[in-house]
Amino acid sequence: MVRSVWWALAVAALAYTAWGGTSLTMFDVSMACSKIGEGGSYRCSDRAVDVMGVWPLIVVGLLLATPPTVAAIAMRQWVSWFAVVSLFVFFAAGVVYVTYDSYTNLLFLALPMAVVGSITVMFQRSASAARQKRHHAL
């Protein structure tokens with residue numbers, strides 16, 4: 001059950017990033033467009049992926065999907081807590097870099113992912129506790 005939650009978070013991160021790549025315009029990711037309604041060498045109605053390229057979007061998608069993927073594979077409490085902390089750090093980076101023309105506003109998804117992840121870790125048994133329980137059952 002816990003592993004499936006981590007995998008669901010990773011898939012949700014990739015789906016959200018893909019959605020962002022297909023639907024975001026420069027108005028959505030540029031402070032210049034949001035404040036004064038005009039950008040530098042682009043129009044605010046241009047698709048963000050056409051102006052900034054696909055590689056920054058891929059990096060953001062990997063940043064969001066990697067911590068839950070590693071937690072799902074490792075299934076260790078300390079790795080899961082590290083994934084939660086990583087997601088909080090990514091959210092903070094998104095807040096700090098929100099004024100840049102970039103996909104960092106997609107990093108705001110890291111906050112709800114971190115909250116769900118922290119709840120998930122609380123239900124995750126440590127590997128040593130599971131081994132002891134199996135050993136005592138034998």
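Just so we're clear, the structure is a prediction, and the values are computed from it rather than from any experiment. Sequence positions are assigned chain by chain, starting from 1 and proceeding in written order. Predicted model: local features are reported for residues with pLDDT of at least 70 only, side-chain atom pairs are reported and counted for 80 or more only, and whole-chain, interface and lining totals are derived from all residues. Each side-chain value is worked out from all heavy atoms of the structure, with water and hydrogens disregarded.

Trainee: Could you give an account of the nonpolar core, naming the residues involved and the relevant values?
Mentor: In plain words, nonpolar cores are sets of buried Ala, Val, Leu, Ile, Met, Phe, Trp, Tyr and Cys residues tied together by side-chain atoms within 4.5 Å. Three labels apply to residues, based on accessible area from a 1.4 Å probe with only protein chains included: buried if under 20% of the type maximum, exposed if over 50%, partly exposed otherwise in between. Counting residues in hydrophobic clusters, the biggest one holds 31 residues, and the most contacted among them are Trp6, Leu64, Tyr103 and Met113. Secondary structure elements are defined from DSSP: runs of H or I of at least 4 residues count as helices, runs of E of at least 2 residues count as strands, and each element is numbered from the N terminus. Top element by residues in this core is helix α5 (residues 55-74). It accounts for 6 residues.

Trainee: Break down the environment of Leu111 for me, citing the residues and quoting the values.
Mentor: Position of Leu111 among the secondary structure elements: in helix α7 (residues 110-123). Distance from Leu111 to Phe90, taken between C-alpha atoms, is 8.3 Å for residues 21 residues apart in sequence. Discounting residues that sit within four places of it in the chain, Leu111 has contacts with Phe88 and Phe91. Any two residues whose heavy atoms approach within 4.5 Å at even a single point are treated as in contact.

Trainee: If you had to explain the side chain of Ser80 to someone new, which residues and values would you point to?
Mentor: Positionally, Ser80 belongs in helix α6 (residues 77-96). The exposure class of Ser80 is buried, given its relative accessible area of 0%. Excluding anything up to four places from it in sequence, Ser80 contacts Trp6, Ala71, Val121 and Gln124.

Trainee: How would you sum up α7? Please name residues and give values.
Mentor: Because an α-helix packs 3.6 residues into every turn, residues spaced three or four apart end up facing the same way. Multiplying 1.5 Å by the residue count of a helix minus one yields the expected span of that helix. The terminal C-alpha atoms of α7, which comprises 14 residues, lie 20 Å apart, in line with the 20 Å expected from a rise of 1.5 Å per residue. Along α7, the positions that sit buried rather than exposed are Ala110, Met113, Ala114, Gly117, Ser118, Thr120 and Val121. On an axial view of α7, the arc spanned by its buried residues comes to 165 degrees, and they lie on one face. Set apart from the buried face of α7 by more than 90 degrees, the exposed residues are Met122 and Phe123. The directions from the helix axis to the C-beta atoms form the arc being described.

Trainee: Tell me about the side chain of Gln124, and please be specific about residues and values.
Mentor: Along the chain, the position of Gln124 falls in the loop between α7 and α8 (127-137). Not counting residues up to four positions away in its chain, the partners in contact with Gln124 are Val2, Trp6, Met75, Arg76, Gln77 and Ser80.

Trainee: Please set out the pattern of salt bridges residue by residue, giving values where relevant.
Mentor: Salt bridge, as used here, is a side-chain nitrogen of Lys or Arg placed within 4 Å of a carboxyl oxygen of Asp or Glu. As enumerated under the stated definition, the model contains 2 salt bridges in all. In this structure, Asp46 engages Arg43 in a salt bridge whose closest nitrogen and oxygen atoms are separated by 3.7 Å. With a relative accessible area of 58%, Arg43 lands in the exposed category. The partner of Asp50 in a salt bridge is Arg47, with the nearest N and O atoms 3.4 Å apart.

Trainee: Please set out the packing of helix α1 (residues 2-23) against α5 residue by residue, giving values where relevant.
Mentor: All axes here are fitted lines through C-alpha atoms, helices being fitted over the stretch that makes contact, and every angle between N-to-C directions spans 0 to 180 degrees. Running from amino to carboxyl end, α1 crosses α5 at an angle of 175 degrees, the nearest separation of the two axes being 7 Å. In terms of orientation, α1 lies roughly antiparallel with respect to α5. Contacts between α1 and α5 pair Arg3, Trp6, Trp7, Leu9, Ala10, Ala13, Leu14, Thr17 and Gly21 from the former with Leu57, Gly61, Leu64, Ala65, Pro68, Thr69, Ala71, Ala72 and Ile73 from the latter. As a working rule, the residues Ala, Val, Leu, Ile, Met, Phe, Trp, Tyr, Cys and Pro are called nonpolar, Asp, Glu, Lys and Arg charged, and the rest polar, with Gly in that last group. Across the contact of α1 with α5, the residue classes tally to 13 nonpolar, 4 polar and 1 charged. Orientation categories follow fixed angle ranges, with anything under 35 degrees roughly parallel, anything over 145 roughly antiparallel, 65 to 115 roughly perpendicular, and all other angles oblique.

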